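Chain and residue survey
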Amino acid sequence: MYRLLNKTADLELLRSPDDLEDLYKMPEFFGIPVLFLPNRIGGGKFSRHGVDYKFPVNEPDRGNHLHGPLLGKPWRLAESGEDYVEMTIDVAATAGYPHDFTMKMRYTFVDNEVIQDFTIYNRGDLIMPFGLGFHTAFRMTPDAVARVSASKGYWEIDTSCWHPTGNLIPWDDKLPVYTDAAAVSCHCPMTTEIYSGKPLHGAVI
């Protein structure tokens, strides 16, 4: 999904490309890209359940694999109706990731909500490690304010590889508010706050 329009308010909700050529050039930059495996893998290597995994290093300046092998790959329309669309992608095992699997992605549109559901089918015999993330890019009008249920600190990052060290660093009390010139994530874990009388685990614009 690279475009989402609120027709009532005539408001574009996602950062959308001017054309499909821009989308193909930078699929991680627009809409709701699906990242599998998400984030960075140092050296493109890790081991699980006695199996070694190796992905290409596509962030050479930091020596990482970034965003996973599905980014920018085509999905197949499997089913659609008035209020939903379902797509699938089949992935064949490789030497670096020896798993045949199918991923199903479903968007359901209900009132003022978009519900996103994913199902992953492991079609092989090995235990399949996986991670799933999204690089959602929302648009903000000049007068918009974002509220994020951030924890009391952010992860310390190993700057040579951009991996969390496990240490949580408290926010600088002098910088309680972030402007559009500053990052708002800082690799920060989320917590649950009460917002308008309801639990919030995420963000409100």
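You'll find the structure just up there.
Residues numbered from 1 in each chain as written. Predicted model: local features only at pLDDT ≥ 70, side-chain atom pairs only at ≥ 80, totals over all residues. Heavy atoms only, no water.

1. Observations concerning the packing of aromatic side chains
Across all of its chains, the model carries ten aromatic pairs by this definition. Consider the rings of Phe29 and Phe30, whose centres lie 5.1 Å apart with planes at 85°: the pair is edge-to-face. With a relative accessible area of 34%, Phe29 lands in the partly exposed category. Note on Phe46 and Phe55: the rings are 6.3 Å apart at their centroids and 10° apart in plane angle, and the pair reads as stacked. (Phe/Tyr/Trp six-rings, centres within 6.5 Å; stacked < 30°, edge-to-face > 60°. Buried < 20%, exposed > 50% of the residue type's maximum accessible area, 1.4 Å probe, protein only.)

2. Description of unusual backbone geometry
In this structure, Leu37 follows Phe36 across a cis peptide bond, with omega equal to 0°. Following the sequence through the fold, Leu37 ends up in the loop between strand S3 (34-35) and strand S4 (40-42). With a phi close to 55°, His49 is a non-glycine residue in the positive phi region. Within the secondary structure, His49 sits in the loop between strand S5 (45-48) and strand S6 (51-54). On the basis of relative accessibility, which here comes to 58%, the residue His49 falls in the exposed class. The backbone of His67 sits at a positive phi, close to 80°, despite the residue not being glycine. In this fold, His67 is placed in the loop between strand S7 (64-66) and strand S8 (76-81). Residue classification places His67 among the buried residues on the basis of a relative accessible area of 11%. (Helix = DSSP H or I, 4+ residues; strand = E, 2+ residues; numbered from the N terminus.)

3. Some thoughts on the sheet that holds strand S11 (residues 113-122)
Reading across from one edge, S8-S9-S10-S11 is the order of the four strands in this open sheet, with antiparallel pairing throughout. The outermost strands of the open sheet, each flanked by one partner alone, are S8 and S11. Within this sheet the neighbouring strands show an average axis-to-axis angle of 15°, counted without direction. Pairing geometry for strand S10 (residues 101-110) and S11, over ten bridges, is antiparallel. The residue bridging Phe109 from the neighbouring strand is Val114, located in S11. (Pairing = 2+ DSSP bridges. Axes fitted to C-alpha atoms, helices over the stretch in contact; angles between N-to-C directions.)

4. Considering the pattern of salt bridges
Taken as a whole and assessed by the stated rule, the structure comprises seven salt bridges. For Lys25, the salt bridge goes to Glu21, with nearest N and O atoms at 3.6 Å. Separated by four residues within a single helix, Lys25 and Glu21 lie in helix H1 (residues 20-25), roughly one turn from each other. Owing to a relative accessible area of 60%, Lys25 belongs among the exposed residues under this scheme. When the shortest N-O distance is used, the salt bridge between Asp90 and Arg76 registers 3.3 Å. Taken together, the residues span a long stretch of sequence, with Asp90 in strand S9 (residues 84-91) and Arg76 in strand S8 at a distance of 14 residues. The exposure class of Asp90 is partly exposed, given its relative accessible area of 43%. Overlapping salt bridges bring together Arg40, Glu59 and Arg62 as one network. (Salt bridge = Lys/Arg side-chain N within 4 Å of Asp/Glu carboxyl O.)

5. Here we look at the side chain of His99
Within the secondary structure layout, His99 lies in the loop between S9 and S10. Only 2.8 Å separates the side chain of His99 from the side chain of Tyr53, close enough to count as a polar contact. For His99, the residues in contact, after removing those within four places along its chain, are Tyr53, Val91, Ala92, Ala93, Leu126, Ile127, Met128 and Pro129. (Polar contact = N/O pair within 3.5 Å; in protein donor to acceptor, adjacent residues only side chain to side chain. Contact = heavy atoms within 4.5 Å.)

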